[in-house]
Amino acid sequence: MPTEFQKIITVKFPLHVRQKPTGVYEARFRAHGYNISVSSVDESKLKPKFIEALKSYSRERSEPQKQDPREEQPKSPLFNDIAGQWLELRKPTIKPTTYEHYESLFRANVFPALTGRKIDELKQSDCQELINDYITQGKYRTATKIYQTLKAVFDFAVGEEILERSPMRLIKPPKYEERNGRAFTVDEERELLKRLQESKCAPDVANALIFLLYTGIRRSELASARVEGEFISVICSKTRKGFQEKRRLIPITPMLAAWMHVFELEKLRSIRPDALTQAIKRLMPEHHLHELRHTFITRCQECGVPREVVSVWAGHAADNTQTSNVYTHFSKEYMQREAQKVTYKV
């Protein structure tokens, strides 16, 4: 018996032997990558016959297999194609805005560096260099998003048995201190309103910025905004796909009421979010759009509105207590009274 088989087959010959209805005996060995089967009408000849089959099988395994040049090796798929498959499979489980974000990230940041590359040719160094390029530019947030997306795509390729191992497995995520933003000061708020009046900014865009400033809603929530009596109602953009959409109410404060006569919500709802982001960059380069939300929340608390109430208006959890997050339900009358506190001079 070949030496290599002595460690996996005991002297007691523990093989699967059976006698078929025809009277023929059959012995099989299917383990450790082997698949050997012999048969004989004489059971005493079965063992020698099986050992001879083992020797023959061993020789075949040790000899290199010559590949027919006419046989083509299966082609490795391109990274772009696998990334596209991964994204399409995620599409039913994510919101359209999230899908668009991934599309934009691939198109602008990932594909230009990896287009035309076969996925099994990409090495750890290729991925690290792409991430490092954005770190060098100081674009830490983009670098982190690229890391997360590449990891997900390569893990998908491993799961589909396209790759044995992911080149991302030893790469660590970029570290950076995320900028949380800050509220406008009252003077800056006054300056923003002045620049909106003096600039060539489209009237609907200018009105939308003021609307965001005095409601604190996210830019993605503007498309769902509507007036309900003395409140502005919006669908919370943080609701995950598959969960019931939640509307929240923001009372019309005196600051917002002063502008309501110029707002045409139907027009404001149709404005592209990117147009608002770009407008703030032009008007107030030291700030970004989301800081209008910071400003609203800050002003409300400065005017004496309890933090828990402001959290409800902003669509945040009040705190980590079950009492606040589950059992507290502020009445509309109470929220309207608190909203009257939000008045100040700009």
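Note that the coordinates shown come from a computational prediction; the quantities given were computed from them, not determined experimentally.

Brief notes about the sheet that holds strand β6 (residues 247-251)
Link 1 in the chain: Pairing is antiparallel in the open sheet, where three strands are placed in the order β4-β5-β6. Two strands close off the open sheet at either side, each with one partner strand: β4 (226-228) and β6. When strand polarity is set aside, the average angle formed by the axes of neighbouring strands in this sheet is 40 degrees.
Link 2 in the chain: Taken together, the five bridges between strand β5 (residues 231-235) and β6 define a ladder with antiparallel strand orientation. When the bridges of β6 are listed, Ile 235 appears paired with Arg 247.

Looking at the packing of aromatic side chains
Link 1 in the chain: Under the defined criterion, the tally for this structure stands at seven aromatic pairs.
Link 2 in the chain: Note on Phe 106 and Phe 111: the rings are 5.1 Å apart at their centroids and 10 degrees apart in plane angle, and the pair reads as stacked.
Link 3 in the chain: Residue Phe 106 is classed as buried on the basis of its relative accessible area, which comes to 3%.
Link 4 in the chain: In textbook terms, an aromatic cluster arises when at least three aromatic residues are bridged by ring pairs, as seen for Phe 79, Trp 86, Tyr 102, Phe 106, Phe 111 and Phe 154.
Link 5 in the chain: The positively charged end of Lys 91 is found above the aromatic ring belonging to Tyr 99, 4.7 Å away from the centroid.

Describing the confidence of the model for the protein chain
Link 1 in the chain: Per-residue confidence for the protein chain averages 85 on the pLDDT scale, and 82% of its residues sit at or above 70.
Link 2 in the chain: The secondary-structure element of the protein chain with the lowest mean pLDDT is helix α14 (residues 322-327), recorded at 50, while helix α9 (residues 254-257) shows the highest, at 98.

Concerning the pattern of salt bridges
Link 1 in the chain: For the structure on display, the rule yields 14 salt bridges.
Link 2 in the chain: Asp 126 is paired through a salt bridge with Arg 117; the nearest N and O atoms lie 3.3 Å apart.
Link 3 in the chain: Relative accessible area serves as the criterion here: at 18%, Asp 126 is assigned to the buried category.
Link 4 in the chain: Looking at Arg 117, the relative accessible area reads 27%, which means it is partly exposed.
Link 5 in the chain: Two residues, Arg 195 and Glu 191, come together in a salt bridge whose shortest N-O distance is 2.9 Å. Of this pair, Arg 195 and Glu 191 are both found in helix α7 (residues 186-198), four residues apart, which corresponds to roughly one turn of the helix.
Link 6 in the chain: A residue is classified by how much of its surface remains accessible, and Arg 195, at 28% relative accessible area, is partly exposed.

Topic: the side chain of Glu 189
Link 1 in the chain: If you trace the backbone, Glu 189 turns up in helix α7.
Link 2 in the chain: Beyond its immediate chain neighbours, meaning those up to four positions away, Glu 189 contacts Phe 184, Leu 213, Tyr 214, Thr 295, Arg 299, Tyr 344 and Val 346.

Parameters at a glance
- Residues numbered from 1 in each chain as written.
- Predicted model: local features only at pLDDT ≥ 70, side-chain atom pairs only at ≥ 80, totals over all residues.
- Heavy atoms only, no water.
- Pairing = 2+ DSSP bridges.
- Helix = DSSP H or I, 4+ residues; strand = E, 2+ residues; numbered from the N terminus.
- Axes fitted to C-alpha atoms, helices over the stretch in contact; angles between N-to-C directions.
- Phe/Tyr/Trp six-rings, centres within 6.5 Å; stacked < 30°, edge-to-face > 60°.
- Buried < 20%, exposed > 50% of the residue type's maximum accessible area, 1.4 Å probe, protein only.
- Lys NZ or Arg CZ within 6 Å of the ring centre and 35° of its normal.
- pLDDT = per-residue confidence, 0-100.
- Salt bridge = Lys/Arg side-chain N within 4 Å of Asp/Glu carboxyl O.
- Contact = heavy atoms within 4.5 Å.

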